[in-house]
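# Fold and geometry: a report
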Amino acid sequence: MIKNIKGTKDLLPNATYNIQDIEQHLNTFMNIHGYGEIRTPIFESTELFSRSVGEHTDIVNKEMYTWEDQNGHSLTLRPEMTASVVRAYIQNKLWKQEPISKFFYIGPSFRRERPQKGRLRQFHQFGVEALGSQYPEQDAEVISMAYNIYNMFGLEDLSVKINSLGGKDIKSKYGKALQKSMVDFKDVFNEQEWVRLNNNPLRILDTKNKNLKKIINENAPNIFDFISIDDKKHFNKVTSILNSMNIPYEHDVKLVRGLDYYSRTVFELTSSELGAQDALCGGGRYDNLVAELGGANIPAIGFAAGMERLIIAMKLSNNDTINTDIYIINTEENYIEYTMTLADKLRKEVGIAVHTDTLRRSIKSQMRHANKMNAKYSIIINKEIFKSSKKLLIKNMSDNTQEEISEDEIVNFFQSE
Ligand code: HAM
């Protein structure tokens, strides 16, 4: 038997039902904030991700699905969407049309990580990207949107962490200081961690190694002490706006995030409902990325969130089945055409959900199925009654009352229900 690839999931109708509902809420949420949907291809030139996410990040180093096409062009399934949005923004020269562009997206991303609860190889992200504003109110808008989305879905145990990585050169200055501060503790590092400290020192702050974590907490410098006065002013204004909007947050001086394109504000939302993979969403400013990828000097900020992690945190259980409003019960082969036409007519003219049996089952099992689908009504085509009076039996499934309705009254009947 051919099976799905490890770390991917089939979403059956009982699961997509919840996802559709979440997506509808997200669409409305984004629209009332003035963010328009962008859909970009799920594969891009590999170079797009190596240049934006960063050569030495875990994502680019070991997690991308990359292959060569027939022309020797290196392609990659997107591991995240920010790079693609920026590419599309540059390619369409959008800054020439509007001083600010606000996008949202929902779609699959791919990372070859070790699968576990809340961590997949094909997962789904939703997120926003706002390109054009350098001002802290833009940061506050994006952070508050992330927080308010989880609030909208009823999540309570949320923690918002924010920090500033400062402007362009701060990360490399800080990285050097971090490396220096760790020299005396080389024996606590394993080989991989030591390589990481040399190639991408900031990532060491995310280590899961308890001993190393302790050493870092006690000895590593804070990036916040390296940033400029302007960076601090920016940060303070962001937090002042968040305070006024009643968005709770914690300033975490160790938060640096794992992608290279960030500068200034970075943030993450976590939930205690999630276990080891506790990041619901993450984001930050990437003021240099548009220029670095060949566009104009356009500042930007955004976040992305894992759909699967939202669903875990919401503790949604799968629906048993799709529901219906009306179940038409027919057992006569002669009336199949009539049944199908009536179903279509009710869907079109009344706009309600109608189900018909296509297994030619007995009345009893059709009725059982109608109950399972939580039908509000069933329409029973009884051969004798229909033949003599062109009437149908309408059964109210909640109180079990029945009445006969003439076939030309049926649309009116359900329209007035
Ligand atoms: P990220 O932190 O790499 O940021 O991913 C964002 C979110 O995607 C995570 O917080 C998590 O919820 C979800 N996620 C990531 N990897 C997996 C996985 N393997 N399985 C399940 N869920 C996962 C970004 O992707 C940036 N593009 C965010 C951003 C947008 N920054 C600025 N704009």
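Residues numbered from 1 in each chain as written. Predicted model: local features only at pLDDT ≥ 70, side-chain atom pairs only at ≥ 80, totals over all residues. Heavy atoms only, no water.

## Focus: the sheet that holds strand β5 (residues 101–110)
Let me state the cut-off plainly: In short, DSSP must find at least two bridges between two strands for them to pair. Only DSSP runs of H or I covering at least 4 residues are called helices, and only runs of E covering at least 2 are called strands; the numbering of each starts at the N terminus. The contact criterion used is simple: two residues touch if any of their non-hydrogen atoms lie within 4.5 Å. Axes here refer to lines fitted to C-alpha atoms; in helices the fit is confined to the stretch in contact. Angles between the N-to-C directions go from 0 to 180 degrees.
Within the open sheet, the 8 strands sit side by side as β1-β5-β6-β11-β10-β9-β7-β8. Their pairing is mixed. At either end of the open sheet lies a strand with only one pairing partner, and these are β1 (36–37) and β8 (250–251). Of the strand pairs in this sheet, β5 and strand β6 (residues 122–131) are connected by 10 bridges, and their pairing is antiparallel. For Ile 106, the partnering residue across the bridge sits in β6 and is Phe 126. Relative to β5, helix α1 (residues 13–32) is tilted by about 155°, and along the sheet it contacts β5 and β6. Here helix α11 (residues 307–314) sits on the sheet and contacts β5, β6, β9 (263–271), β10 (279–285) and β11 (300–306); the angle it forms with β6, its principal contact strand, is near 105°.

## Structural notes on unusual backbone geometry
Even without glycine at this site, Lys 93 takes up a positive phi of about 45°. Summarising the element assignment, Lys 93 is placed in the loop between α4 (82–91) and β5.

## Re the site of the ligand
Threshold: Here a residue counts as near a molecule or strand whenever at least one of its heavy atoms sits within 4 Å of it. Pairs of N or O atoms are called polar contacts if they sit within 3.5 Å, as long as, within protein, a hydrogen donor faces a hydrogen acceptor (for residues adjacent in sequence, only side-chain-to-side-chain pairs). Residue exposure ignores everything except the shown protein chains as possible cover, and the areas themselves are Shrake-Rupley values with a 1.4 Å probe. Under the scheme applied here, ten amino acids are nonpolar (Ala, Val, Leu, Ile, Met, Phe, Trp, Tyr, Cys and Pro), four are charged (Asp, Glu, Lys and Arg), and all others, including Gly, are polar.
By nearness alone, 27 residues border the ligand, and Glu 80, Thr 82, Glu 113, Leu 120 and Tyr 262 come closest of all. One of the backbone nitrogen or oxygen atoms of Leu 120 is found 2.8 Å away from a nitrogen atom of the ligand. With respect to the ligand, the side chain of Arg 257 contributes an N or O atom lying 2.9 Å from an oxygen atom. When the ligand is considered free in solution it has 650 Å² of accessible area, and contact with the protein chains removes 96% of it. Contributing elements (two or more residues each) for the shell around the ligand: β6, β10 and β11. Per-element tally for the shell around the ligand: the top contributor is β10, with 6 residues. The residue inventory of the shell around the ligand, partitioned by class, reads 12 nonpolar, 8 polar and 7 charged.

## Some remarks on the domain arrangement of the protein chain
Often, the extent of an interface is quoted as the loss of accessible area on bringing the components together. Stated formally: By convention here, the domain bounds are inherited from an automatic or database domain assignment.
Domain assignment breaks the protein chain into domain 1 (13–167 + 227–313), domain 2 (170–221) and domain 3 (326–415). The centre of domain 1, based on its C-alpha atoms, is set 49 Å off from the matching centre of domain 3.

## Describing the sheet that holds strand β2 (residues 43–45)
Strands belonging to one sheet form pairs held by backbone hydrogen bonds; the direction of such a pair is parallel or antiparallel. The 3 strands lie next to each other as β2-β4-β3, forming an open sheet whose pairing is antiparallel. At either margin of the open sheet sits one strand with a lone partner, and together these are β2 and β3 (66–68). Here the average twist between neighbouring strands, direction ignored, is 35°. Relative to strand β4 (residues 74–77), β2 runs antiparallel, the two sharing 3 bridges. Looking at β4, one finds that Phe 43 is bridged to Leu 77.

## Quick word on the pairing of β4
By the bridge criterion, 3 bridges tie β3 to β4 in an arrangement that is antiparallel. Residue pairing for β4: Trp 67 is matched across the bridge by Leu 75. The loop that links β3 with its antiparallel partner β4 comprises 5 residues; one of these, Gly 72, has a positive phi angle of about 75°.

## Quick notes on the packing of helix α5 (residues 136–152) against helix α9 (residues 229–244)
Rules: Orientation categories follow fixed angle ranges, with anything under 35 degrees roughly parallel, anything over 145 roughly antiparallel, 65 to 115 roughly perpendicular, and all other angles oblique. Left-handed describes a crossing in which the near helix is turned anticlockwise from the far one by less than a right angle; the clockwise case is right-handed.
For the pair α5 and α9, the least separation of the axes is 8 Å and the interaxial angle reads 45°. The angle between the axes of α5 and α9 places the two elements in the oblique class. Crossing of α5 over α9 shows right-handed handedness. Across the interface between the two elements, Pro 136, Glu 137, Asp 139, Ala 140, Ile 143 and Ser 144 from α5 touch His 234, Lys 237, Val 238, Ile 241 and Leu 242 from α9. When its residues are assigned to classes, the contact of α5 with α9 shows 6 nonpolar, 2 polar and 3 charged.

## Observations regarding the packing of α1 against α5
One can describe the packing of α1 onto α5 by two numbers: an axis separation of 11 Å at closest approach and a directional angle of 140°. The angle between α1 and α5 places the two elements in the oblique class. The handedness of the crossing between α1 and α5 is right-handed. In this structure, α1 uses His 25, Leu 26, Phe 29 and Met 30 to contact α5, whose residues at the interface are Met 145, Asn 148, Ile 149 and Met 152. Within the contact of α1 with α5, the residues separate by chemical class into 6 nonpolar, 2 polar and no charged.

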